[in-house]
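# Understanding the architecture of this molecule
One-letter residues, chain by chain:
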Amino acid sequence: MENCIFCKIVAGEIPSPRLYEDDKMIVIKDIEPKAKLHYLCIPKTHFALLAEMDEEKAEIVKHCFATIPKIEEQLGLCGGYRVIVNQGENGGQTVPHLHIHLLGGEKLADF
Ligand code: AMP
Ligand code: ZN
């Protein structure tokens with residue numbers, strides 16, 4: 001997808017160290033961390049919203065959520081963490097390429 005910052009990161013056109021990568025997703029550090037540890041799990045396939053999910057995209061989302069607990073320890077997310085998927089304008093989504101925020105490394109404030 002042209003002009004999508006996360007597609008550019010996935011393609012390696014914008015350098016961003018990958019803490020994890022497989023055929024369906026990458027994990028990078030958020031550039032503006034909102035917690036001591038703040039990662040983004042980014043599917044390699046471009047789509048913006050959960051509402052766009054078809055069977056193929058559902059498999060990708062499922063893979064992301066199945067993989068996150070397998071890598072939580074290597075990401076230092078001990079003692080729990082928060083998972084956020086912002087959707088659309090009211091949800092505060094600023095990058096229209098679906099991504100999963102992982103926040104942790106400290107006790108997070110209630111919200
Ligand atoms: P959202 O507001 O849910 O769409 O989240 C987008 C996130 O992407 C924000 O937390 C930004 O700080 C983060 N972000 C934007 N550009 C980059 C980048 N080049 N590298 C890492 N994180 C980024
Ligand atoms: Zn994209």
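Predicted, not measured: the structure shown is a model, and the values here were computed from it.

### Re the site of ligand 1
Among the 17 residues in the neighbourhood of ligand 1, the closest are listed as Asp30, Asn86, Thr94, His99 and His101. Take Asp30: an N or O atom from its side chain is 2.5 Å from an oxygen atom of ligand 1. A distance of 3.0 Å separates an oxygen atom of ligand 1 from a polar backbone atom of Gly92. Of all the elements in the fold, those that place two or more residues in the shell around ligand 1 are helix H1 (5-11) and strand S2 (25-29). With three residues, H1 is the largest single contributor of residues to the shell around ligand 1. Looking at the shell around ligand 1, its residues break down into seven nonpolar, six polar and four charged.

### So, the coordination of the zinc ion (ligand 2)
With distances of 2.0 to 2.3 Å, the protein atoms coordinating the zinc ion (ligand 2) are Cys4 (SG), Cys7 (SG), His46 (ND1) and His97 (ND1). Seen from the zinc ion (ligand 2), its four donor atoms lie at angles of 106 to 116°, and the figure they make is tetrahedral. Written as a sequence motif, the donor residues of the zinc ion (ligand 2) are C-x2-C-x38-H-x50-H. Taken together, the positions of Cys7 in helix H1 and His97 in the loop between helix H3 (88-91) and strand S5 (100-104) put the pair 90 residues apart, joining distant regions of the chain. In this pair, the class of Cys7 matches that of His97, namely buried.

### Section: the pairing of S2
Of all five residues that make up S2, four are buried, and the element is covered over most of its length. In this structure, strand S1 (residues 20-21) lies alongside S2, joined through two bridges in antiparallel fashion. Within S2, the position partnered with Tyr20 by the bridge is Val27. Strand direction decides the pairing type here: S2 and strand S3 (residues 37-43), joined by five bridges, are antiparallel.

### Notes on the environment of Gln74
As for its placement among the helices and strands, Gln74 is situated in the loop between helix H2 (55-71) and strand S4 (81-84). Residues Gln74 and Ile28, 46 residues apart in the sequence, show an inter-C-alpha distance of 13 Å. The residues touching Gln74, leaving out its near neighbours within four places in the chain, are Leu19 and Tyr20.

### Some words on the sheet that holds S3
Spatially, S1-S2-S3-S5-S4 is the arrangement adopted by the five strands of the open sheet, whose pairing is antiparallel. Edge positions in the open sheet fall to S1 and S4, since each of these has one partner strand only. Each of S1, S2, S3, S4 and S5 is contacted by H2, which is oriented at about 50° to S2, the strand it contacts most.

### A look at H2
Look at H2: 25 Å from first C-alpha to last across 17 residues, which is about the 24 Å you get at 1.5 Å a residue. Looking at H2, one finds that the buried residues are Lys57, Ile60, Val61, Cys64, Thr67, Ile68 and Ile71. For H2, the buried positions fall inside an angular range of 130° around the axis, keeping them on one side. In H2, the exposed residues that point more than 90 degrees away from the buried face are Glu55, Lys62 and Lys70.

So, how was this worked out
- Residues numbered from 1 in each chain as written.
- Chains lettered and ligands numbered in written order.
- Predicted model: local features only at pLDDT ≥ 70, side-chain atom pairs only at ≥ 80, totals over all residues.
- Heavy atoms only, no water.
- Near = heavy atom within 4 Å.
- Polar contact = N/O pair within 3.5 Å; in protein donor to acceptor, adjacent residues only side chain to side chain.
- Helix = DSSP H or I, 4+ residues; strand = E, 2+ residues; numbered from the N terminus.
- Nonpolar A, V, L, I, M, F, W, Y, C, P; charged D, E, K, R; others polar.
- Donors = N, O, S within 2.8 Å, 3.2 Å for Na, K, Ca; no water.
- Tetrahedral: all angles 85-135°; square planar, octahedral: opposite > 155°, others 65-115°.
- Buried < 20%, exposed > 50% of the residue type's maximum accessible area, 1.4 Å probe, protein only.
- Pairing = 2+ DSSP bridges.
- Contact = heavy atoms within 4.5 Å.
- Axes fitted to C-alpha atoms, helices over the stretch in contact; angles between N-to-C directions.
- Expected span 1.5 Å × (residues − 1).
- Arc of directions from axis to C-beta.

Any functional reading would require information that these geometric values do not contain.
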